[in-house]
Amino acid sequence: MARRLSYSARYEHPAEKIYQAQMQRQYWDALMEEFRELTPISNVQEFETGDDGMRVVLQQTITRDMLPPIAQTVMKKDMIITRVETLGAFDGDKTSGTYTASIPAGPGSLNGEQVLFPTATGCTVRKTTEVKVFIPFVNGKLEQLMLINLVDLFRGEAEFTAGWVDKNLA
């Protein structure tokens, strides 16, 4: 059974600034540089922008010894996570997109939708995620572990984004 998570990151910045950041390769490169403190192999594999929005492919490697014990029972090699994020064109008010994460020979899936929209005090990025693990007996524990780690990831990315916008787009 799949598990779902809804997470909202609230910013004091206008939606246009958050969108502007995500439309720049420098933003994603800096984000991956920040991730290298936790996962030393973190890179932008692809980055495309155009009138219809943005698409980025990120890849991170978590060595097997860094995995929690329950994950080590399933993953016999390093875990290579490929994440694909998209955002559509910004219509002056909001934009939406998708994200996925995959692991070669991985035991599950992660898919989500994201919406960036203005608020009275700035803007919000709302992410709605679904995770599913296909391994009997441990699927629920692994799904819950994934969701807990996603909250930490989303929170860290939101803090990074706010700081990056302050330094680069103020």
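Since the structure is predicted, the reported quantities are computational estimates derived from the model, not experimental observations.

## Focus: the packing of helix H1 (residues 15–22) against helix H4 (residues 139–168)
Between H1 and H4, whose axes approach to 10 Å, the crossing angle comes to 95°. In terms of their interaxial angle, H1 and H4 are classed as roughly perpendicular. Along its contact with H1, which presents Lys17, Ile18 and Ala21, the element H4 presents Thr161, Trp164 and Val165. Classifying every residue of the contact of H1 with H4 gives four nonpolar, one polar and one charged.

## Digging into the packing of helix H2 (residues 25–35) against H4
In contact at an axis separation of 11 Å, H2 and H4 are set at 130° when each is read in the N-to-C sense. Put simply, H2 runs oblique to H4. Considering only the axes of H2 and H4, their crossing is right-handed. Residue-level inspection shows Gln26, Tyr27, Ala30, Leu31, Glu34 and Phe35 of H2 in contact with H4, the latter providing Leu153, Glu157, Phe160, Thr161 and Trp164. Along the lines of polarity and charge, the residues of the contact of H2 with H4 split into seven nonpolar, two polar and two charged.

## Let's talk about the nonpolar core
If you look at soluble globular proteins, the nonpolar side chains tend to sit buried side by side. By size, the foremost hydrophobic cluster in this structure holds 35 residues, and its most contacted members are Tyr11, Ile18, Trp28, Val44, Val56, Leu116 and Leu150. Of all elements in the fold, only strand E1 (3–11), H1, H2, strand E2 (41–50), strand E3 (53–62), strand E6 (108–119), strand E7 (122–133) and H4 reach the threshold of two or more residues within this core. With residues up to four places along the chain from it excluded, the contact list for Ile18 reads Tyr11, His13, Leu116, Cys123, Val125, Thr161 and Val165. By size, the runner-up hydrophobic cluster in this structure holds five residues, among which are Ile62, Leu67, Ala71 and Met79.

## Observations concerning the pairing of E6
Note that strand E5 (residues 95–102) and E6 share seven bridges and pair antiparallel. Residue pairing for E6: Thr95 is matched across the bridge by Leu116. Linking two consecutive strands that pair antiparallel, namely E6 and E7, is a turn of two residues.

## Quick word on the environment of Asp91
Its location among the elements puts Asp91 in the loop between strand E4 (79–88) and E5. Considered as a pair, Asp91 and Glu16 are 75 residues apart in the sequence and their alpha carbons are 9.7 Å apart. Polar side-chain contacts of Asp91 include one of 2.7 Å to the backbone nitrogen of Asp93. Within polar-contact distance, the side chain of Asp91 engages the backbone nitrogen of Lys94 at 2.8 Å.

## Let's talk about empty space enclosed by the protein
Using the criterion set out here, one finds one cavity of 30 Å³ or more in the structure. The computed volume of the largest cavity comes to approximately 130 Å³. In this structure, the largest cavity is lined by 16 residues; those nearest its centre are Tyr11, Gln22, Lys127, Glu157 and Ala158.

What counts as what
- Residues numbered from 1 in each chain as written.
- Predicted model: local features only at pLDDT ≥ 70, side-chain atom pairs only at ≥ 80, totals over all residues.
- Heavy atoms only, no water.
- Axes fitted to C-alpha atoms, helices over the stretch in contact; angles between N-to-C directions.
- Helix = DSSP H or I, 4+ residues; strand = E, 2+ residues; numbered from the N terminus.
- Parallel < 35°, antiparallel > 145°, perpendicular 65-115°, else oblique.
- Contact = heavy atoms within 4.5 Å.
- Nonpolar A, V, L, I, M, F, W, Y, C, P; charged D, E, K, R; others polar.
- Left-handed = near helix turned anticlockwise from the far one by under 90°.
- Core = buried A, V, L, I, M, F, W, Y, C linked by side-chain atoms within 4.5 Å.
- Buried < 20%, exposed > 50% of the residue type's maximum accessible area, 1.4 Å probe, protein only.
- Pairing = 2+ DSSP bridges.
- Polar contact = N/O pair within 3.5 Å; in protein donor to acceptor, adjacent residues only side chain to side chain.
- 1 Å grid on protein atoms, 1.4 Å probe; cavity = no way out; pocket = protein on both sides within 12 Å on 5 of 7 lines; lining within 4 Å.
- Points joined across faces, edges and corners; volume = space filled by probe spheres on them.

Geometric descriptors of this kind do not, in isolation, establish any biological role.
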